[in-house]
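Coordinate analysis (summary)
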Amino acid sequence: MNGASLLAFARGPAFEVALALLVFGIVWRLVGILALRRPVDHSEPRSGSGWASGLRVIVSRSWPRREFRERILHWDIVSYLFHIGYAVAIFGYIPHILVVRSLLGLRWPGLPGGVIAFAAGISAVSLLALLGHRMTSPVLRRLSNFDDYFSWFVAFVPLVTGLMAYYNIGGSYQLVLGLHILSGDILFAWLPFGKIMHVILFAFSRGTTGAAYGRRGASL
């Protein structure tokens, strides 16, 4: 398959299938979670609002507790660099914004290409550092499975191919751009079914935990 054919496939059928899987998967996961039967708690709440506690936990658990900061704060910072850089690269790049506009009719100002390339580079380096930490930490290495490594891979490749397309290296522009879009398609298709889904589910898990403990008067 030449560059033009790959680009047409990535922009056309592959993108449509990936988008369908993304929407179906997210809806399926959310409906499955919200439809879970939960035991009715008949006890009297010991605090004003359990959901207020849930919102507090969503924010408070975005930073390590004081007892653990000395050991893990630097890895939290690296993780934030990855996530922020990734978000800037996705939502700040004008071609990406145009895709969103074509699908949802939404648009917002884009950022200069140099800023996007810098953010993507920071995100890629941070991902490599996090992979090295996972592979060298005895605990993380034992806890890691296929999902962890494959999710890392499908998140990393779009960054690299995007930078290659931006700087026009690694082959013809059509070929590299086709690989970049195809890697994005794979990311979309995998997102609802792998651990990358935490980008949406983290609010649910932290919020429900905080609400449950808050109702009992416990502070997290």
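Our subject is the structure listed above.
Residues numbered from 1 in each chain as written. Predicted model: local features only at pLDDT ≥ 70, side-chain atom pairs only at ≥ 80, totals over all residues. Heavy atoms only, no water.

Let us now look at unusual backbone geometry. Phi angles above zero are rare outside glycine, and Asn168 is one such case at about 55°. The topology assignment puts Asn168 in the loop between α8 (146-167) and α9 (173-190). (Helix = DSSP H or I, 4+ residues; strand = E, 2+ residues; numbered from the N terminus.)

The next subject is the pattern of salt bridges. Following the criterion strictly, the structure yields two salt bridges and no others. Where Asp148 meets Arg134, a salt bridge forms, and the shortest distance between an N and an O atom there is 3.5 Å. Here Asp148, found in helix α8, pairs with Arg134, found in helix α6 (residues 113-136); they are 14 residues apart in sequence, far enough to count as distant. The class for Asp148 is buried, based on a relative accessible area of 13%. Salt bridges linked by common partners bring Arg134, Asp148 and Lys195 together as one network. (Salt bridge = Lys/Arg side-chain N within 4 Å of Asp/Glu carboxyl O. Buried < 20%, exposed > 50% of the residue type's maximum accessible area, 1.4 Å probe, protein only.)

Before going further, it helps to spend a moment on a nonpolar patch on the surface. On the surface, Ile90, Phe91, Val99, Leu103, Leu104, Leu106 and Trp108 cluster together to form a nonpolar patch covering roughly 640 Å² of accessible area. Where the nonpolar patch is concerned, the elements lending two or more residues are α4 (69-92) and α5 (94-104). Its location among the elements puts Ile90 in helix α4. By relative accessible area, Ile90 is classed as partly exposed at 34%. (Patch = residues over 30% accessible without salt bridge, like charges linked within 9 Å, V, L, I, M, F, W, Y side chains within 5 Å. Areas by Shrake-Rupley, 256 points an atom, 1.4 Å probe, with all protein chains shown as cover.)

Fair warning: the whole summary comes from geometry, so function is off the table for now.
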